[in-house]
Amino acid sequence: MKSVSAPAGRLARPGAAPGARPLLAAGLLLPLLAACGEDHVTRYPQTTFAPTTEMGEIQIGLFNLTLYLGVAVGLLTFAGLGYILWKFRYHPDAPEPTQVHGNTTLEVAWTLIPALIVAVIAVFTVQAIFATQPEPPANALSVRVIGKQWWWEFQYPVNGGRDTVVTANEIHVPVGQPVQLLLESDNVLHSFWVPQMGGKRDLITNRVNRLIFTPREPGVYMGQCAEFCGDSHALMKMRMIAHTPQGFQDWLNNEASPALQPTDSTSAVALGKKLVTQGVCAGCHVVGGTPMVGRTGPNLTHFGRRRTLAAGIMENNAANLHAWIRNAPSIKPGSLMPQLGGDIPNALTDEQITYIVAYLQSLQ
Ligand code: CUA
């Protein structure tokens, strides 16, 4: 074996400089670590660093393995590079260094070690691929998820599959029971992603993709479309609401029956109902228990119970709903929901919109 020998002359002084480098690196990492503090889920609700499902844990485990191996390789490489640059730096009075060519041991080592590292990552990756695409358990709750431009439709079979509960943008699940999402699209590609539940998985037009996970902690989890799907892709958000099993059953039972309808004909709610069910809304929306049959837009049967509107981009309150009905495309560019109020022919008056808001919010 030929050796790479140091030239004679002045060599590195032992001193503080090499030891200071890790300290400097640690200092640079601190701001990054600060982002992982306790409240980072509150500050960054779409974090992948706080998984609450086994699927999420498998994914973060794989990420961490790759990250730590990469950091180790990076540190060793740069430490070696720094050492060599320092040790063999130029000296005006140094003699010509020994000329070397080839070193079998070194070459075998730097070929084998990376191959082994990649092989280890490959084994864990293949394991994770199989672990995150299991067969659906027999007790799984199946929810059909349809990606729209730009919102989400969720369908739950009820009464033994004879009926279907249809809702939008807020997907409700029970904790402790496996959930099987059947993902599809009737338009362009989308991707379902609620980061704390694991994910993400594409919704495509010519097949049904599955995503299986078991929620553990009740709570509200933020999610959004993760595949570019047109103008308002970034406004295609959603919430996953994980309930206790009883809470979920109560929600589903309520969804499965029509909301209470006004019994009078002169209140704001009753006037709003007339406008919604006999006017322009009926072409695109359904309100269960009324003659409306439109399927272009979200099902509004229990709209008043939703926390948000317009695919999770605004709180569901009277002012936001009024603004949305008045001019949806100004809030969500490209929205199929047209401008209905303001400066257009045959516009709804602000008073009429107020009635519509009152009716929609009454749909509990
Ligand atoms: Cu749907 Cu992006």
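Cut-offs and rules
- Residues numbered from 1 in each chain as written.
- Predicted model: local features only at pLDDT ≥ 70, side-chain atom pairs only at ≥ 80, totals over all residues.
- Heavy atoms only, no water.
- Pairing = 2+ DSSP bridges.
- Helix = DSSP H or I, 4+ residues; strand = E, 2+ residues; numbered from the N terminus.
- Axes fitted to C-alpha atoms, helices over the stretch in contact; angles between N-to-C directions.
- Polar contact = N/O pair within 3.5 Å; in protein donor to acceptor, adjacent residues only side chain to side chain.
- Contact = heavy atoms within 4.5 Å.
- Buried < 20%, exposed > 50% of the residue type's maximum accessible area, 1.4 Å probe, protein only.

### Observations concerning the sheet that holds strand 1 (residues 141–148)
Okay, step 1: The mixed open sheet is built from five strands, whose spatial order is 3-2-1-5-8. Only two strands of the sheet have a single neighbouring strand rather than two, namely strand 3 (163–168) and strand 8 (209–213). Neighbour to neighbour, the strand axes of the sheet diverge by 25° on average, direction disregarded.
Okay, step 2: The pairing of strand 5 (residues 179–185) with strand 8 spans five bridges and is antiparallel. Residue pairing in the sheet places Leu181 in a bridge with Leu211 of strand 8.

### Notes on the side chain of Thr47
Okay, step 1: Inspection of the secondary structure assignment puts Thr47 in the loop between helix 2 (40–43) and helix 3 (54–87).
Okay, step 2: In this structure the side chain of Thr47 is engaged in a polar contact, spanning 3.0 Å, whose partner is the side chain of His40.
Okay, step 3: Once residues within four sequence positions are removed from consideration, Thr47 is found in contact with His40, Val41, Pro195 and Gln196.

### Digging into unusual backbone geometry
Okay, step 1: Cis geometry is adopted by the peptide bond preceding Trp150, which originates at Gln149 and carries an omega value of 0°.
Okay, step 2: With respect to the element layout, Trp150 can be found in the loop between strand 1 and strand 2 (151–158).
Okay, step 3: Positive phi, close to 70°, is recorded for Asn169, a residue that is not glycine.
Okay, step 4: Considering the arrangement of structural elements, one finds Asn169 in the loop between strand 3 and strand 4 (170–174).
Okay, step 5: At Ala310, a residue that is not glycine, the phi angle is positive and equals roughly 60°.

### Comments concerning the sheet that holds strand 10 (residues 237–243)
What links the strands of a sheet is backbone hydrogen bonding, and the strands pair in either a parallel or an antiparallel sense.
Okay, step 1: Taking strand neighbours across the sheet as the criterion, the three strands line up as 4-10-9 in an open arrangement whose pairing is mixed. Edge strands, defined here as strands with exactly one partner in the open sheet, are strand 4 and strand 9 (219–224). The average angle at which neighbouring strand axes cross in this sheet is 25°, direction not considered.
Okay, step 2: Bridge count between strand 4 and strand 10: five bridges; the pairing is parallel. What sits directly across from Pro174, in strand 10, is His243.
Okay, step 3: Here helix 5 (residues 245–255) sits on the sheet and contacts strand 4 and strand 10; the angle it forms with strand 4, its principal contact strand, is near 135°.

### Let's talk about the pairing of strand 7 (residues 199–203)
Okay, step 1: The sheet contact formed by strand 6 (residues 190–193) and strand 7 spans four bridges and is antiparallel. For Ser191, the partnering residue across the bridge sits in strand 7 and is Asp202.
Okay, step 2: Where strand 6 folds back on strand 7, the antiparallel hairpin that results is connected by five residues, among which Gly198 adopts a positive phi of roughly 90°.

### Some details on the environment of Ile204
Okay, step 1: Looking at the element boundaries, Ile204 is found in the loop between strand 7 and strand 8.
Okay, step 2: A residue is classified by how much of its surface remains accessible, and Ile204, at 18% relative accessible area, is buried.
Okay, step 3: Residues Ile204 and Thr66, 138 residues apart in the sequence, show an inter-C-alpha distance of 29 Å.
Okay, step 4: With residues near it in sequence (within four places) discarded, Ile204 still touches Glu184, Ser185, Leu189 and Asn209.

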